[in-house]
Every structure is written in structure tokens, then in C-alpha cells.
Amino acid sequence: MKRSNKVGIYIDAIDVTMNGGFGLRYDILRKFATRDGCMATRMNVYLGLDSKRAAEDSSYKQKTNRFSEVLRDFEYKVVQRDLEQNENLSTDGMDKSILEMEMACDILSQAPQMDRIILLTNQESYVYVINILQNMGKRVELIGFDDVPSRLKKMADMFVSGYTIPGLLPIKTPYEWGTVGSRVRGVCYDFSHSDGYGFLRYLNKIDEFLWITDSRSAESPYKTVFAHVSQFESDFDSSFLPSRELIFEFDLIKNEKGLVAQNIVLISAP
């Protein structure tokens, strides 16, 4: 039976860029959002423009315009606002509260036509928006990178670290994500300090079974890989393991033990 559920994607591009999401691939984001056959009916990206800088810096203006053009090629609606400079305000002196309010208003006004909302923001105030959406019967999924407020994560129906979504961010590897020799990102969900080894889990493919995290299941999109303490970066404190909050990047190597992780580097922590 063909699904007809509708999904809306809303991205605070300033938050994404400033909190680890620089280089985000919006085509992969759309693929992730529609992984179970949903139709993307609203895809909004909220951008701030420093018009004074644009008038003085042609390179900045060209990059901003090119970014907007690429987003439109992927069928995203670009909501761009001129944000005034004020040295007493955060976000590099730009007051983006009006843009955040506009994004929240758009989500709430458009939500009745949606079944699921994909949200990319680091603003804790969105817990109230999420609560309203859930009271409307909508499912809310949060995607973030660094410094995502714990309260925001817990309020969403599902939180996914954008680092762990295959292809969502650039990664230096000559091989396709998940193949032997490739470099991937995942979490250490099990670790024995007495034995000095544990297991890492990474998302191998994007599909509708993200909730099946046990990689032993044939339907699970996750894979498990052996990890020895000697393969973690030298200054990493392994006493923090296991953890589902720490995100690691590592090489996939195959030997007599099966898949093993090498050159394990911590790339994100709460």
C-alpha cells in the first residue's frame, strides 16, 4: 500500500552552520525526511543576510546568492531576512530572534497539513513549539550536531545526530559510507573496561526502520563493529564509555574478527 503521509522540513540555517553542520547536504536531508515514502510538501530554510556586508563584500554576496540558488534547485523555499548589526547582540552581532519567530509561526500555521515535522534548530525555546505540534497529533523529529540542548532532544519524538546520517555531512573517504575501507560515524553503545574493548554502532543505510537499533535483526539499518581501546585517539578518556551521546568517526576494516574500527576519533560531545 502506497504511503501518502506528508512531511515538513524546517531548518534554521544559522544554527546549523554555527553548531557543526557546515557543509550540510540538503538533498540527503530530503532523502532522510522522506525515507518511509512520505511526501515532502513543505521544505523551508531560514537564512540571515547581512546587507551591509553584502554591499561591501562581493564574495560574501556571491556565496550567499549561490547557496540560495542551490537550495531552490532542491525545491527548498528560502526565507531570507536582513538582520541588522548590533554589537550587543549574539550570533556575530546579528539579532535573529525575528527570523526564529517567523520560522516558529510558519511551522505552527502549516502543521495542520503535515503528518511529521523535521526540525533543525539549537534553540531551546522550540520545546514549546514541539509540545504544541505533538498536542496536534504530529510527530516531531529533531536533527542536530553540536550543543543541542538536552531538553530539546528529550521533547522531540526522535533525536538523530546529523553526524551519523550517511552522507549528510562531508567526510574524507575514498569509499562509499559503510563499505570496507570507508570512514563512518557512530556511537559506542557497549564497552568492557576490564577487557579493553567494546562495540560501535553506525547507521549503514537510510530507511524507515531507524527504531530497530539491534543490528542482529535483518531489518535493522544499523551495523555493529568491534572496537579495541588501542584504536581510540591517545588522549581520549575511555572511562566515559559506553555512551550514546559521544559521536565517533572511524575507519571500517575487515579482519579475522570481522568488521573492526580503526583510527577512532571523537568528533562531537554533549
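Participant: Looking at this model, I keep getting lost on the packing of aromatic side chains. Mind explaining?
Facilitator: Centre distance and the angle of the planes are the two values used to describe a pair of aromatic rings. Taken as a whole and assessed by the stated rule, the structure comprises 11 aromatic pairs. On the basis of an interplanar angle of 90 degrees and a centroid distance of 5.4 Å, the ring pair of Phe145 and Tyr163 is categorised as edge-to-face. Within this pair, whereas Phe145 is found in the loop between strand 5 (139-144) and helix 8 (150-155), its partner Tyr163 is found in the loop between strand 6 (158-161) and strand 7 (183-192), the two being separated by 18 residues in sequence. Tyr163 shares its class with Phe145; the two are buried. Geometrically, the ring pair formed by Tyr197 and Phe199 is edge-to-face, given 6.3 Å between the ring centres and 90 degrees between the ring planes. Judged by its relative accessible area of 31%, Tyr197 is partly exposed. Three or more aromatic residues link up through ring pairs in this structure, and these residues are Phe191, Phe232, Phe236 and Phe248. When the ring centre of Phe32 is taken as reference, the NZ or CZ atom of Arg35 above it lies at 4.5 Å. The ring of Tyr189 has Arg201 sitting right over it, with the charged end atom 4.7 Å from the ring centre.

Participant: Honestly, the nonpolar core in this entry has me stumped. Any pointers?
Facilitator: Across soluble globular proteins, nonpolar side chains show a tendency to be buried alongside one another. The biggest cluster of nonpolar side chains holds 35 residues, and the ones touching the most others in it are Ile11, Leu24, Tyr26, Leu29 and Tyr76. Once you skip the residues sitting within four places of it in the chain, Tyr26 turns out to touch Ile11, Ala13, Val45, Phe67, Leu71, Phe74 and Tyr76. Core analysis: the next-biggest nonpolar cluster, separate from the first, contains 23 residues, Val79, Leu83, Met114 and Ala156 among them.

Participant: Please clarify how the side chain of Glu141 should be interpreted in this entry.
Facilitator: Take Glu141: it is sitting in strand 5. By relative accessible area, which is 1% here, Glu141 ends up buried. Within the local environment of Glu141, its side chain forms a polar contact with the side chain of Arg139, the two groups lying 2.9 Å apart. Ignoring sequence-local partners within four residues, the contact set of Glu141 consists of Phe32, Arg35, Arg116, Ile117, Ile118, Leu119 and Met158.

Participant: Hey, could you run me through unusual backbone geometry in this one?
Facilitator: Most peptide bonds take the trans configuration, and most residues that are not glycine carry a negative phi. Going from Leu241 to Pro242, the amide bond is cis rather than trans, its omega being -5 degrees. With respect to the helices and strands, Pro242 occurs in the loop between strand 9 (222-228) and strand 10 (243-255). Residue Glu75 is not a glycine yet carries a positive backbone phi of 75 degrees. Examined against the element boundaries, Glu75 turns out to sit in the loop between helix 4 (58-73) and strand 3 (77-82).

Participant: What am I meant to see in the sheet that holds strand 2 (residues 39-49) here?
Facilitator: Adjacent strands of a sheet form backbone hydrogen bonds with each other and so pair up, either parallel or antiparallel. Judged by pairing direction, the sheet is parallel, and its 6 strands sit side by side in the order 3-2-1-4-5-6 without closing on themselves. Across the chains shown, the open sheet's two edge strands, defined by having one partner strand only, are strand 3 and strand 6. Taking each pair of neighbouring strands and ignoring which way they run, the sheet shows an average axis angle of 15 degrees. Where strand 1 (residues 6-12) meets strand 2, 7 bridges bridge the pair, whose relative direction is parallel.

Participant: How should helix 4 be read in this particular structure?
Facilitator: Residue pairs three or four apart in sequence face the same way in an α-helix, which turns once every 3.6 residues. Helix length check: helix 4 (16 residues) gives 22 Å between terminal C-alpha atoms against 22 Å at 1.5 Å per residue, within 8%. Of the positions making up helix 4, those classed as buried are Tyr60, Thr64, Ser68 and Leu71. Buried residues in helix 4, looked at end-on, bunch into an arc of 65 degrees, giving them a common side. Those residues of helix 4 that are exposed and angled more than 90 degrees off the buried face are Gln62, Lys63 and Asp73. In this structure, the buried side of helix 4 is in contact with helix 2 (26-33), strand 2, helix 3 (51-56) and strand 3. Capping the start of helix 4, Asp57 holds a side-chain oxygen 3.0 Å from the backbone nitrogen of Ser59, two or three residues further along. The first or second residue beyond helix 4 is Glu75, which carries a positive phi of 75 degrees.

Participant: Can you walk me through the environment of Ser125 in this structure?
Facilitator: In this fold, Ser125 is placed in the loop between strand 4 (116-120) and helix 7 (126-135). On a C-alpha basis, the gap between Ser125 and Pro149 in space is 9.9 Å, while along the polypeptide they are 24 residues apart.

Participant: Would you explain the pairing of strand 11 (residues 258-268) in this entry?
Facilitator: Strand residues, when the strand is regular, have side chains that alternate between the two faces of the sheet. Relative to strand 11, strand 10 runs antiparallel, the two being bridged by 8 bridges. Bridge pairing in strand 11 places Ile253 opposite Val260. The hairpin turn running from strand 10 into strand 11, its antiparallel successor, is 2 residues long.

Participant: In this structure, what is going on with the pattern of salt bridges? I would like to understand it.
Facilitator: Two side chains of opposite charge can pair, provided their charged atoms sit close to one another. A complete count under the given rule lists 15 salt bridges for this structure. In this structure, Arg116 engages Asp36 in a salt bridge whose closest nitrogen and oxygen atoms are separated by 2.9 Å. Remark: Asp36 occurs in the loop between helix 2 and strand 2 and Arg116 occurs in strand 4; sequence separation between them is 80 residues. Side by side, Arg116 and Asp36 carry an identical accessibility label, which is buried.

Conventions adopted
- Residues numbered from 1 in each chain as written.
- Predicted model: local features only at pLDDT ≥ 70, side-chain atom pairs only at ≥ 80, totals over all residues.
- Heavy atoms only, no water.
- Phe/Tyr/Trp six-rings, centres within 6.5 Å; stacked < 30°, edge-to-face > 60°.
- Helix = DSSP H or I, 4+ residues; strand = E, 2+ residues; numbered from the N terminus.
- Buried < 20%, exposed > 50% of the residue type's maximum accessible area, 1.4 Å probe, protein only.
- Lys NZ or Arg CZ within 6 Å of the ring centre and 35° of its normal.
- Core = buried A, V, L, I, M, F, W, Y, C linked by side-chain atoms within 4.5 Å.
- Contact = heavy atoms within 4.5 Å.
- Polar contact = N/O pair within 3.5 Å; in protein donor to acceptor, adjacent residues only side chain to side chain.
- Pairing = 2+ DSSP bridges.
- Axes fitted to C-alpha atoms, helices over the stretch in contact; angles between N-to-C directions.
- Expected span 1.5 Å × (residues − 1).
- Arc of directions from axis to C-beta.
- Salt bridge = Lys/Arg side-chain N within 4 Å of Asp/Glu carboxyl O.

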